[in-house]
Amino acid sequence: MVKKLKQSALLIVALIILLTGCSSSSSGENGSGEQVKLVVWIWDSAQIGLDTNMEAFKQAHPNIEIEYQLMGQTDLYQKFLIAANTGDKMPDIVAVESSNLAQMVSIDALYDLTEKTAPYRDKMVPFKWEDAMKDDKVYAMPWDSGPVVMFYRKDIFEAAGLPTEPEQVAERIKTFEDYKEAGNLIKEKTGKAMFADSRTRSNNRFFETMMWQRGQWYFDKDGNVSLDAPEVIETGEFYASMVKDGLIVDAEAFSENWLNAFADGNIATIVGAAWYDNLLSNLIDPDSSGKWGVVPMPKWSESDPYASANDGGSNLAINANSEHPEEAWAFIEFMLGREDSQLKMMEEGGFLPSLQTTFEDEAYAEP
């Protein structure tokens, strides 16, 4: 009898230990209370957006520490391709622009987020999922989109005798022919450049947005090279004519010379994505608050059906080799799946959400 009681007691103790262990491990985030550090590879302007929500994240997830490792986009992608090839566990999370995402997905370098992103599939701007997918599986969470507009320096426009109020500027510069004409006037009256680009090391973003706005691209929908399409040739020749007319500051994007040209007030416009709102105020031209205006992107012709284009936009993904995918997803979901987080990043960081459920918020009606 005593032996049976001892056996029963041991069984009860074993069950208690087992249940306690299950309780600790089943909480989605490190139920033992042990601190987990996540390494995030990202560029500086993108970190600015995430930082707007970091205090709230720390309160919600005190066991997760975030270590940002900053680098330029090109360096980030090259290093991550190497890390993926060697099976490195770091980083845990990687920021990826939509223009580079398909490459990362194609080499199976990212963690499968199909089930985790399922509640958000109908809530995000649809086109953002295409580059994140392979074989019907999802490998990244959309962040921001990059609708293209035209930012302009009011003081330079005024010095050239051009209008400065947004409604008047939009009426004056409806097409790219209008844009070129204004650029020549600015060059003549002020000696300033209309935009900045490198003759030898262009990132092609301006040319690409001009193509996109016309419904063209390097490839057609069947994957065939389409650079010989009449519209693409016409667009390229027009872009080259602006360069030949001397409407540019010859500087590689985000180089020291490029940044200095903005800081010195030598560039009149940026035809680029909405995220330049963030870059202008935090990186490119932080001392020129109040001097920049924004209007719609010029069109090739007034009758064109498309009023804008898309330039970039980012995503967050998890390294397929990360040791902490659950904690990494907790971070990504907090930043990109919550309306409050996305709206805060838009209002304070200039990131236009891909999360469509934010679009009815009154924040979008503010100047």
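Predicted model only: the values in this text are computed from it and were never measured.

Caption draft 1: Spatial organisation of the overall build of the protein chain. Within the protein chain, the secondary structure is distributed over 15 helices and 12 strands. By its C-alpha atoms, the protein chain is 105 × 45 × 35 Å across when sized along the principal axes. For the protein chain, buried positions account for 46% of its 367 residues. Working note: accessible area of the protein chain is about 18,500 Å², and carbon and sulfur atoms make up 50% of it.

Caption draft 2: Highlighting the nonpolar core. Membership of the largest hydrophobic core comes to 52 residues, with the highest contact counts inside it found for L50, I66, L110, W143, L316, F331 and I332. Take this core: its biggest share by element is 8 residues, from helix 14 (residues 325-336). Each residue touching F331, except ones within four places of it in the same chain, is listed here: L38, L50, M54, F57, I66, Y68, I93 and L316. If you look at the next biggest cluster of nonpolar residues, it comprises 29 residues, including M150, Y152, L162 and I173.

Caption draft 3: The arrangement of the sheet that holds strand 1 (residues 36-42) in detail. Pairing is mixed across the open sheet formed by 5 strands, whose spatial order is 2-1-3-12-6. Strands at the two margins of the open sheet, each flanked by one partner only, are strand 2 (64-70) and strand 6 (141-142). For strand 3 (residues 93-97) and strand 12 (residues 314-318), the ladder comprises 5 bridges, and the chain directions are antiparallel. By the bridge assignment for strand 12, V94 is matched with A317.

Caption draft 4: Geometry of the packing of aromatic side chains. Per the stated rule, a full pass over the model turns up 22 aromatic pairs. With a centroid separation of 6.1 Å and 50° between ring planes, the pair formed by F176 and F206 is classed as tilted. Placement of F176 in helix 9 (residues 176-190) and of F206 in helix 10 (residues 205-213) is noted, with a sequence separation of 30 residues between them. Of the two residues, F176 and F206, neither departs from the other in class, the shared state being buried. An angle of 40° between the planes, with centres 4.5 Å apart, marks the rings of F254 and W258 as tilted. A relative accessible area of 4% means that W258 is categorised as buried. Taken together through their ring pairs, the aromatic side chains of F176, Y179, F195, F206, F207 and Y239 make up a single cluster.

Caption draft 5: View of the packing of helix 9 against helix 11 (residues 230-244). Helix 11 packs onto helix 9 with a crossing angle of 10° between their chain directions and a minimal axis gap of 11 Å. When the axis of helix 9 is compared with that of helix 11, the two are roughly parallel. Counting all contacts with helix 9, which are made through F176, E177, Y179 and K180, the residues of helix 11 involved are F238, S241 and M242. When its residues are assigned to classes, the contact of helix 9 with helix 11 shows 4 nonpolar, 1 polar and 2 charged.

Caption draft 6: Molecular detail of the packing of helix 12 (residues 256-263) against helix 13 (residues 276-284). The N-to-C vectors of helix 12 and helix 13 enclose an angle of 90°; their axes lie 11 Å apart at closest approach. If you check the angle between helix 12 and helix 13, you find them roughly perpendicular. Here helix 12 contributes W258, L259, F262 and A263 to the contact with helix 13, which in turn contributes Y276, L283 and I284. In terms of residue class, the contact of helix 12 with helix 13 is built from 7 nonpolar, no polar and no charged.

Caption draft 7: Examining the pattern of salt bridges more closely. Applying the stated criterion across every chain, the model contains 16 salt bridges. Salt-bridge contacts for R172 lead to E181; the nearest nitrogen and oxygen are separated by 3.4 Å. On the accessibility criterion, R172 (25% relative accessible area) is partly exposed. For the salt bridge of E348 with K344, the shortest nitrogen-to-oxygen distance reads 2.8 Å. Of the two residues, E348 and K344 are both situated in helix 15 (residues 339-349); the distance of 4 residues between them amounts to about one turn of the helix. Its relative accessible area of 47% is what places E348 among the partly exposed residues. For K344, a relative accessible area of 29% gives the class partly exposed.

Caption draft 8: Focus on the sheet that holds strand 7 (residues 148-153). Strand order in the open sheet made by the 3 strands is 10-7-11, with antiparallel pairing throughout. Looking at which strands have only one partner, the edges of the open sheet turn out to be strand 10 (269-273) and strand 11 (292-296). Sheet twist, expressed as the mean angle between neighbouring strand axes with direction ignored, is 30°. Here strand 7 runs beside strand 10; their pairing, made up of 5 bridges, is antiparallel. Note that in strand 10 the partner of F151 across the bridge is I270.

Caption draft 9: Quick peek at a nonpolar patch on the surface. Residues F219, V225 and L227 make up a contiguous nonpolar surface patch of roughly 290 Å² in combined accessible area. Residue position: F219 is located in the loop between helix 10 and helix 11.

Analysis parameters
- Residues numbered from 1 in each chain as written.
- Predicted model: local features only at pLDDT ≥ 70, side-chain atom pairs only at ≥ 80, totals over all residues.
- Heavy atoms only, no water.
- Helix = DSSP H or I, 4+ residues; strand = E, 2+ residues; numbered from the N terminus.
- Buried < 20%, exposed > 50% of the residue type's maximum accessible area, 1.4 Å probe, protein only.
- Areas by Shrake-Rupley, 256 points an atom, 1.4 Å probe, with all protein chains shown as cover.
- Core = buried A, V, L, I, M, F, W, Y, C linked by side-chain atoms within 4.5 Å.
- Contact = heavy atoms within 4.5 Å.
- Pairing = 2+ DSSP bridges.
- Phe/Tyr/Trp six-rings, centres within 6.5 Å; stacked < 30°, edge-to-face > 60°.
- Axes fitted to C-alpha atoms, helices over the stretch in contact; angles between N-to-C directions.
- Parallel < 35°, antiparallel > 145°, perpendicular 65-115°, else oblique.
- Nonpolar A, V, L, I, M, F, W, Y, C, P; charged D, E, K, R; others polar.
- Salt bridge = Lys/Arg side-chain N within 4 Å of Asp/Glu carboxyl O.
- Patch = residues over 30% accessible without salt bridge, like charges linked within 9 Å, V, L, I, M, F, W, Y side chains within 5 Å.

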